[in-house]
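Structural description and commentary
Each chain is listed here by its residues.
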Amino acid sequence: QVQLVESGGGLVQAGGSLRLSCTASGRTFSRYVMGWFRQAPGKEREFVATISWNGGSTYYTDSAKGRFTISRDNAKNTVYLDMNSLKPEDTAVYYCAINDRTGMVTPRIYEYIYWGQGTQVTVSS
């Protein structure tokens, strides 16, 4: 049984920064592509960023490019999402997930099988 626990969310003013963390247990974390997704009220869950098993490859949604950075520490079974220059439209519940279906970074949500419970990020204007 795999467990993902996100942390680091909170309330921040526009232009501010947050670092989200997601710690995994129950699986060999270093084998898997990891992703971050978000879901705003009334909207579908959407892709934010993903990182390969060794951190050598990353991929971002257009709105995250240049502002967000995904990274991982396999020794700590943790993936991070550093978010800078936050905007009110970044307000959402942020989820991390494990891609258990392919070995490639991908934005396709159906490739991600295991999910955390989410952490709320609220950006005030």
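Residues numbered from 1 in each chain as written. Predicted model: local features only at pLDDT ≥ 70, side-chain atom pairs only at ≥ 80, totals over all residues. Heavy atoms only, no water.

As for the sheet that holds strand β8 (residues 78-83)
- If you trace the 4 strands from one edge of the open sheet to the other, you get β1-β3-β8-β7, paired in antiparallel fashion. Strands with a single pairing partner mark the edges of an open sheet, and in this sheet they are β1 (3-7) and β7 (68-73). Between one strand and the next, the sheet's axes are offset by a mean angle of 15 degrees, whatever the strand orientation.
- Here β7 runs beside β8; their pairing, made up of 6 bridges, is antiparallel. Residue pairing in the sheet places R72 in a bridge with V79 of β8. (Pairing = 2+ DSSP bridges. Helix = DSSP H or I, 4+ residues; strand = E, 2+ residues; numbered from the N terminus. Axes fitted to C-alpha atoms, helices over the stretch in contact; angles between N-to-C directions.)

A look at the pattern of salt bridges
- As enumerated under the stated definition, the model contains 6 salt bridges in all.
- The salt bridge partner of E46 is R38, with a shortest N-O separation of 2.7 Å.
- Close ionic contact of K65 with D62 constitutes a salt bridge, the shortest N to O distance being 3.1 Å.
- Residue class for K65 comes out partly exposed when judged on its relative accessible area of 46%.
- Relative accessible area serves as the criterion here: at 62%, D62 is assigned to the exposed category.
- Three or more residues joined by partner-sharing salt bridges are found here, namely R38, E46, R67 and D90. (Salt bridge = Lys/Arg side-chain N within 4 Å of Asp/Glu carboxyl O. Buried < 20%, exposed > 50% of the residue type's maximum accessible area, 1.4 Å probe, protein only.)

Some thoughts on the nonpolar core
- The biggest cluster of nonpolar side chains holds 29 residues, and the ones touching the most others in it are W36, V79, L81, M83 and Y94.
- Broken down by secondary-structure element, the contributors of at least two residues to this core are β3 (18-25), β4 (33-39), β5 (46-51), β7, β8, β9 (92-99) and β11 (119-124).
- Residue contacts for V79: discarding those within four places in its chain leaves L20, S21, C22, F29, M34, W36, I51, I70, S71, R72 and C96.
- Core analysis: the second largest hydrophobic core is formed by 5 residues, V33, F37, A97 and Y112 among them. (Core = buried A, V, L, I, M, F, W, Y, C linked by side-chain atoms within 4.5 Å. Contact = heavy atoms within 4.5 Å.)

Remarks on the pairing of β8
- In terms of residue burial, β8 counts as a mostly covered element, since 5 of its 6 residues are buried.
- Taken together, the 6 bridges between β3 and β8 define a ladder with antiparallel strand orientation. Within the sheet, the bridge partner assigned to T23 lies in β8 and is T78.
- Between β7 and β8, which pair antiparallel one after the other, the connecting turn spans 4 residues, and N77 there sits at a positive phi close to 55 degrees.

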